[in-house]
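Read off the chains here:
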Amino acid sequence: RIFGPFMFKWDYELPAEWVGVKVPLASVVLFRMLGAWRYVYRRYLRHPAHPATRLFVTVSKPIRRSAYRLLVRS
């Protein structure tokens, strides 16, 4: 569930000891969704230079925090 999507992304094989283990589809979808969010965050939001982006980051912080709790801790 944790390492499977990452291993598939980098074309690694699952360890031989993991016979019969399947990576849940929900884990792959969550990994891709969070990957897209990480890209946007690192590219545009981590160190915003434009005042409008700074305002967006400040206003959306509680929403992002709640969404992260819902997606990751479930």
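In this text, all values refer to a predicted model and were calculated from it rather than measured experimentally. (Residues numbered from 1 in each chain as written. Predicted model: local features only at pLDDT ≥ 70, side-chain atom pairs only at ≥ 80, totals over all residues. Heavy atoms only, no water.)

Caption draft 1: Main features of the overall build of the chain. Along its length, the chain carries 3 helices and 0 strands. The helix and strand sequence of the chain, counted from the amino end, reads α-α-α. For a compact globule of 74 residues, the expected C-alpha radius of gyration is about 11 Å, and the chain comes in at 16 Å, more than 25% above that figure. C-alpha extents for the chain along the principal axes are approximately 50 × 25 × 15 Å. For the chain, the proportion of its 74 residues judged to be buried stands at 15%. When contacts within the chain are restricted to residue pairs at least 6 apart in sequence, long-range pairs at least 24 apart make up 24% of them. (Helix = DSSP H or I, 4+ residues; strand = E, 2+ residues; numbered from the N terminus. Rg over C-alpha atoms; globule rule 2.2 N^0.38 Å. Buried < 20%, exposed > 50% of the residue type's maximum accessible area, 1.4 Å probe, protein only. Contact = heavy atoms within 4.5 Å.)

Caption draft 2: The arrangement of the packing of aromatic side chains in detail. Throughout the structure, instances matching the rule amount to 1 aromatic pair. The interplanar angle of 55° and the centroid separation of 6.3 Å between the aromatic rings of F6 and W10 together place this pair among those described as tilted. What makes F6 partly exposed here is its relative accessible area of 39%. Classification of W10 by relative accessible area gives partly exposed; the value is 48%. In this structure, R38 is placed above the aromatic ring of F31, and the distance from its NZ or CZ to the ring centre is 5.8 Å. (Phe/Tyr/Trp six-rings, centres within 6.5 Å; stacked < 30°, edge-to-face > 60°. Lys NZ or Arg CZ within 6 Å of the ring centre and 35° of its normal.)

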